[in-house]
There are 2 protein chains.
Amino acid sequence: MSFLKEIRPLGERRNYSELLDLSSGDPHRGGIKPITFVRQVLAACFCPALLEDDSLPLDVKQRAKSLLRECDGGSVGSYTESSGIAKIKHCVSQFITRRDGGVPSSPDNIFIMSGSKTALMIILKLLIRSEDSCRTGVLIPVPTYASITMILEEEGAAIIPYHLCEEQGWTLQLEELHRVLQAARKTCNPVAFYICNPGNPTGHLQSRESIEEVIRFAAEERLFLLADEVYQSCVYGDNAEFYSYKKVLSEMGSNISSTVELASFNSASKGFMGECGFRGGYVELVNLDPAVMKYARTLFSTRSCPPVAGQIALDLMADPPKPGDPSFPTFSEEVQSIKNTIRKNTGRIQEVFAELPGISCQPLKAGFFVFPSLHFPPKAIKWAEKRQMEPDMLYCLHLLEETGLHVKPGCEYGQRKDSHHIRLFVGTQENIMEDALQRLKTFHTRFMKEFS
Amino acid sequence: MSFLKEIRPLGERRNYSELLDLSSGDPHRGGIKPITFVRQVLAACFCPALLEDDSLPLDVKQRAKSLLRECDGGSVGSYTESSGIAKIKHCVSQFITRRDGGVPSSPDNIFIMSGSKTALMIILKLLIRSEDSCRTGVLIPVPTYASITMILEEEGAAIIPYHLCEEQGWTLQLEELHRVLQAARKTCNPVAFYICNPGNPTGHLQSRESIEEVIRFAAEERLFLLADEVYQSCVYGDNAEFYSYKKVLSEMGSNISSTVELASFNSASKGFMGECGFRGGYVELVNLDPAVMKYARTLFSTRSCPPVAGQIALDLMADPPKPGDPSFPTFSEEVQSIKNTIRKNTGRIQEVFAELPGISCQPLKAGFFVFPSLHFPPKAIKWAEKRQMEPDMLYCLHLLEETGLHVKPGCEYGQRKDSHHIRLFVGTQENIMEDALQRLKTFHTRFMKEFS
Ligand SMILES: Cc1ncc(COP(=O)(O)O)c(C=O)c1O
Ligand SMILES: Cc1ncc(COP(=O)(O)O)c(C=O)c1O
């Protein structure tokens, strides 16, 4: 093919020195440094001999000692309660209360698990009945966090996709929700509504009004709300503010605030900490029917306890160093530097995209990803059709082959027919982001020229 | 009631100073000290600044560095492959090959999970079809590891209990297996056979011949073998030797060795390490039908990655310090001391039981527990009947109330009708075990006197 002169076939010699993987939301893989306080406390918990070490700050030692007191036998090697160490659940509930400006939170409704994904799997298992002749339906956005689709398929649920409106910055459209729900009621039994806010992959941040709309919709339609809020602390758009579903719900009048069932997820994998490998996440359950809550407790208690390192990460996330603590200056400097890095990265991404033909992106407000739209020339679409592949998938494969840059194609997250995207992780060191953008720019320019 | 003069009603004032919890298999809770090498490597992995520290032995630093090289971005905070870090799976497969005297093991068939229980749940999910009109059946021993029952109930499987023969040291009886299987075929579709060797709660260790019998039975009856071998390194009986199902299977003639499907489980929670809170376990899959193996890979990959601390613990378990390494002397001293402690504990347990009326115990060979039989006087049985409780449950509740010693009643593990047991954890410090035995002795003597 003439237009494949420069776009080499897959599998040919690569001409880049190093692979650059921005395909998943993993800050440390992207070169972001772990928070010193977090790692020092963990090291001291693993190896209490370090508590005698002069090099560790006093607050690190105090925190490690107080955490070890909560572990059976004073060891992080003991099993804990299957929903997590009581003191840590308490600490998380206080964090939630502070976050929501005083809305009460009870440790009894918090379940710590081996990552928020595990918590999500358990809540979905709770809601989905495979025995029923009429399948359980769950509404999920398009595009969506990809694992949710895999989990629903495994559990045998009917997937009810609702489209986010890209043109309006990936917002939810109430008419769309009603439309897909009415249609779905003919073939399945819709019981739950999943939303990811801030959005993966979209980078969208829901407004307070939008959240209210969703809650009212859930109330009217008797849907269980699954609010995936793992990116709640990654908010960087101008004037952007995160509202939790719990807080908005609590302010909505008691016929709604005391009835709509809600599961809200959070994680130590995201935010400034980015400790994905520790595996610590939690779900808070609100307004659950007592019978369902009882079944939830059974499901959680059948699981083994969450890893203690992940639990400790959640404790440190929920109760970080405060002004005056010896670790505070370094801690706040590190957190600020990560925030600055992400802000700079998203700025640079928008600059570069603005220069490139055939690529456009909604304003970036929050989360770990950008999800620009690629406007492929008809020749590129034909080229992909011939290969029976999605054009964005083929684009990503060639991008990887040619430049060593690994990003994900929009088709893995769902997208409107005839629209195409890539998903790019923004939580990397600035020099890595610059390198990635240069690779993308070179490849994209050549690609568009070849196919125009 | 007159015979309740001394056995006080539940809820009364307790007259012990400290709770003594021997209810679960958790060495650190029982006062066993963690292995220094394990904790030092983990501290250095979590806090690489320690790699500059002169106080850590050279092999600790080398191991931490080589593990960090396998982590994306050099951080234990990055996600890993969902089946575990490739190098660690390789290390585990070499450990298995050494354990089995050269029988090959491939990292491709090893799946590291957040504890062996998580691996067990996934394999059971793989085998159990909830859609079928005829329920999937799984054979499990009586008594059994209690979680297996909960998992099977959650997955909607039919539980097919087979009784172990206590009088012959908790051995498996082939006739019993055939009998229950034939009966079960009338009401469900038996597909799998679960066995725990060394046994929890029995402390039984299967002979090579018994394992061969089970494998032949599984071959004839086309059952998938689930070999829960998490206690494989806890063997302390005289002349006792652990044989893995994989090794025995491999030596059984190709019509069997290449056909019987086997899942073998192991864990960093047990053995000398006892790191339950890290959550590291694995399953090795053998002879799986390619279609089933494909589905297994899908199930494992839908899960999030196992915690990195648990993975590292498995690496250190599979490849511990060797003679000549700087950490070896301390390491082998610590391991030896734990083994001696358990040996002494089991010796003392048998001495004390021999003196006590109404209690008898099979010879102890392996595992983390003793499961003595309690021969209750008829009055005690009546007393429990009146309270609509199992006598051993009531015994344990009162033991706890009166003495602060927490052990588990046999009824939680299943037992023959009219037989009663308690389960006692043996992996504790010697002074703790002595304390526990004194409490048990005092309570038991009074109990038997009261009810005789
Ligand atoms: C939207 C969303 N939810 C949940 C998770 C799972 O996070 P974890 O299981 O590490 O807490 C992710 C991870 O990427 C995510 O993007
Ligand atoms: C027989 C048996 N299998 C599996 C497990 C689970 O161990 P883990 O999930 O900690 O690896 C246990 C724990 O007590 C056990 O006794």
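Chain A has the name alanine transaminase in an unreviewed UniProt entry, where Cirrhinus molitorella is given as its organism. Looking at the Sequence similarities (unreviewed entry) heading of the UniProt record, one finds this comment for chain A: "Belongs to the class-I pyridoxal-phosphate-dependent aminotransferase family. Alanine aminotransferase subfamily."

Trainee: Any chance you could explain the site of ligand 2 here in plain terms?
Mentor: Taken together, 14 residues surround ligand 2, and among them A:Tyr79, B:Asp228, B:Tyr231, B:Ser267 and B:Ser269 come closest. Residues within reach of ligand 2 are spread across chains A and B. B:Asp228 is positioned with one of its side-chain polar atoms (N or O) 2.7 Å from a nitrogen atom of ligand 2. The side chain of B:Tyr231 places a nitrogen or oxygen atom 2.6 Å from an oxygen atom of ligand 2. Expressed as a share of its isolated accessible area of 400 Å², the protein-covered part of ligand 2 is 95%. Residue composition of the shell around ligand 2, by class: 5 nonpolar, 5 polar and 4 charged.

Trainee: Honestly, the site of ligand 1 in this entry has me stumped. Any pointers?
Mentor: The immediate surroundings of ligand 1 are formed by 14 residues, with A:Asp228, A:Tyr231, A:Ser267, A:Ser269 and B:Tyr79 found nearest. The local environment of ligand 1 is shared, drawing residues from chains A and B. Here A:Ser116 contributes a side-chain N or O atom positioned 2.7 Å from an oxygen atom of ligand 1. Measuring from an oxygen atom of ligand 1, one finds a side-chain N or O atom of B:Tyr79 at 2.6 Å. Within the complex, the protein chains bury 95% of what would otherwise be the 400 Å² of accessible surface of ligand 1. Of the residues in the shell around ligand 1, the class split is 5 nonpolar, 5 polar and 4 charged.

Trainee: Explain the nonpolar core to me, please; I cannot follow it from the model alone.
Mentor: The nonpolar side chains of a soluble globular protein tend to be buried with one another. A:Tyr395, B:Phe46 and B:Tyr395 are the most contacted members of the largest nonpolar core, which has 166 residues in total. In this structure B:Phe46 touches A:Arg39, A:Leu42, A:Phe46, A:Phe278, A:Ala309, B:Val76 and B:Ala309, once residues within four positions along its chain are discounted.

Trainee: Looking at this model, I keep getting lost on the packing of aromatic side chains. Mind explaining?
Mentor: Ring pairs (aromatic) are described by centroid distance and by the angle formed between their planes. Under the counting rule described, the total for this entry stands at 41 aromatic pairs over all chains. On the numbers, 4.9 Å between centres and 40° between planes, the contact of A:Phe278 with B:Phe46 is tilted. Placement of A:Phe278 in the loop between strand 7 (262-267) and strand 8 (281-286) and of B:Phe46 in helix 1 (residues 36-46) is noted, with the two residues assigned to different chains. B:Phe46 carries the same exposure label as A:Phe278, and that label is buried. With centroids separated by 5.8 Å and ring planes inclined at 70°, the aromatic side chains of B:Trp383 and B:Phe447 adopt a geometry described as edge-to-face. Linking B:Trp383 in helix 13 (residues 378-386) with B:Phe447 in helix 15 (residues 430-451), this pair joins segments that are 64 residues apart in sequence. Assessed through its relative accessible area of 2%, B:Trp383 is described here as buried. Grouped by ring-pair contacts, the aromatic residues A:Phe376, A:Trp383, A:Tyr395, A:Phe443, A:Phe447 and A:Phe451 constitute a single cluster. For A:Arg423, the ring lying beneath its charged end belongs to A:Phe369, and the centroid distance is 3.6 Å.

Trainee: Can you help me understand unusual backbone geometry in this one?
Mentor: The omega angle of the peptide bond from A:Val142 to A:Pro143 is 0°, so this bond is cis rather than trans. With respect to the helices, strands and loops of the structure, A:Pro143 is situated in the loop between strand 3 (136-142) and helix 5 (146-155). At the junction of B:Asn200 and B:Pro201, the peptide bond is cis and its omega measures out at 10° in the coordinates. Looking at the element boundaries, B:Pro201 is found in the loop between strand 5 (189-196) and helix 7 (208-221). We note that A:Asn239 has phi near 55°; this positive angle belongs to a residue other than glycine. The exposed category is assigned to A:Asn239, whose relative accessible area is 81%.

Trainee: Honestly, the domain arrangement of chain A in this entry has me stumped. Any pointers?
Mentor: As a measure of interface size, the accessible area lost when the parts come together is often cited. Residues and elements named next belong to chain A. Segmentation of chain A into domains returns domain 1 (2-25 + 331-451) and domain 2 (79-318). Between domain 1 and domain 2, the C-alpha centre-to-centre distance is 29 Å. Contacts between domain 1 and domain 2 engage 25 residues on the former and 28 residues on the latter. Counting the surface lost from both domain 1 and domain 2, the interface buries some 2,300 Å², and carbon and sulfur atoms represent 59% of this. At the boundary of domain 1 with domain 2, the tally comes to 0 salt bridges. In this assembly, domain 1 and domain 2 are joined by 14 residue pairs in polar contact (both at pLDDT 80 or more). Listing elements by their share of the side of domain 1 that touches domain 2, those giving two or more residues are helix 12 (328-355) and strand 10 (369-370). Broken down by element, the residue count for the side of domain 1 that touches domain 2 peaks at 6 residues, all from helix 12. Here the residues of the side of domain 1 that touches domain 2 sort into 12 nonpolar, 8 polar and 5 charged.

Trainee: Looking at this structure, how should I read the interface of chain A and chain B?
Mentor: On the chain B side, the residues contacting the 49 residues of chain A number 49 residues. Around 3,800 Å² of area is buried between chain A and chain B when both sides are counted, 53% of it from carbon and sulfur atoms. Linking chain A to chain B there are 8 salt bridges. With a shortest N-O distance of 2.8 Å, B:Asp72 and A:Arg29 are connected by a salt bridge. For the pair chain A and chain B, the number of links is 34 residue pairs in polar contact (both at pLDDT 80 or more). Mapped by element, the contributors of at least two residues to the side of chain A that touches chain B are helix 1 (36-46), helix 4 (116-127), helix 5, helix 10 (290-302) and helix 11 (308-318) of chain A. Among the elements that line the side of chain A that touches chain B, the one with the most residues is helix 1 of chain A, at 6 residues.

Trainee: How do you make sense of the pairing of strand 14 (residues 422-425) of chain A when you look at a structure like this?
Mentor: Every regular strand shows the same layout, with side chains that alternate between the two sheet faces. Residue and element names in this part refer to chain A. Along strand 14, one buried face is formed by Ile 422 and Leu 424 and the opposite face, lined by Arg 423 and Phe 425, is buried too. Where strand 10 and strand 14 come together, 2 bridges link them in antiparallel fashion. Bridging from a neighbouring strand, Val 370 pairs with Leu 424 of strand 14. Bridging between strand 13 (residues 408-409) and strand 14 involves 2 bridges; their strand directions are antiparallel. In the strand pairing of strand 14, Lys 408 is matched with Arg 423.

Trainee: Quick question: what am I supposed to make of the relation of the copies chain A and chain B here?
Mentor: Two copies of a chain can be linked by a rotation about an axis combined with a shift along that same axis. When chain A is fitted to chain B, the best match, at an RMSD of 0.0 Å, comes from turning it 180° and sliding it 0.0 Å along the axis. Taken together, these values place the two copies in the relation of a two-fold axis. For chain A, the residue whose C-alpha comes nearest the rotation axis is A:Ala43, separated from it by 2.1 Å. By residue overlap, the copies meet face to face through one surface: 100% of the interface positions of chain A are interface positions in chain B.

Trainee: Explain the packing of helix 4 (residues 116-127) of chain B against helix 5 (residues 146-155) of chain B to me, please; I cannot follow it from the model alone.
Mentor: Two quantities define a packed helix pair, namely the angle between the axes and the distance from one axis to the other. All names here are of chain B. Put simply, helix 4 and helix 5 touch, their axes get as near as 10 Å, and they point 35° apart. As for how helix 4 packs across helix 5, the hand of that crossing is right-handed. Taking contact as the criterion, the partners of Lys 117, Leu 120, Met 121, Leu 124 and Lys 125 in helix 4 are, on helix 5, Ser 147, Ile 148, Ile 151, Leu 152, Glu 154 and Glu 155. Grouping the amino acids of the contact of helix 4 with helix 5 by side-chain chemistry returns 6 nonpolar, 1 polar and 4 charged.

Calculation criteria
- Residues numbered from 1 in each chain as written.
- Chains lettered and ligands numbered in written order.
- Predicted model: local features only at pLDDT ≥ 70, side-chain atom pairs only at ≥ 80, totals over all residues.
- Heavy atoms only, no water.
- UniProt positions renumbered as here; feature names shortened; annotations may be inferred.
- Near = heavy atom within 4 Å.
- Polar contact = N/O pair within 3.5 Å; in protein donor to acceptor, adjacent residues only side chain to side chain.
- Areas by Shrake-Rupley, 256 points an atom, 1.4 Å probe, with all protein chains shown as cover.
- Nonpolar A, V, L, I, M, F, W, Y, C, P; charged D, E, K, R; others polar.
- Core = buried A, V, L, I, M, F, W, Y, C linked by side-chain atoms within 4.5 Å.
- Buried < 20%, exposed > 50% of the residue type's maximum accessible area, 1.4 Å probe, protein only.
- Contact = heavy atoms within 4.5 Å.
- Phe/Tyr/Trp six-rings, centres within 6.5 Å; stacked < 30°, edge-to-face > 60°.
- Helix = DSSP H or I, 4+ residues; strand = E, 2+ residues; numbered from the N terminus.
- Lys NZ or Arg CZ within 6 Å of the ring centre and 35° of its normal.
- Domains from an automatic or database assignment.
- Buried area = accessible area lost by both parts, 1.4 Å probe.
- Salt bridge = Lys/Arg side-chain N within 4 Å of Asp/Glu carboxyl O.
- Pairing = 2+ DSSP bridges.
- Least-squares fit on C-alpha atoms with pLDDT ≥ 70 in both.
- Axes fitted to C-alpha atoms, helices over the stretch in contact; angles between N-to-C directions.
- Left-handed = near helix turned anticlockwise from the far one by under 90°.

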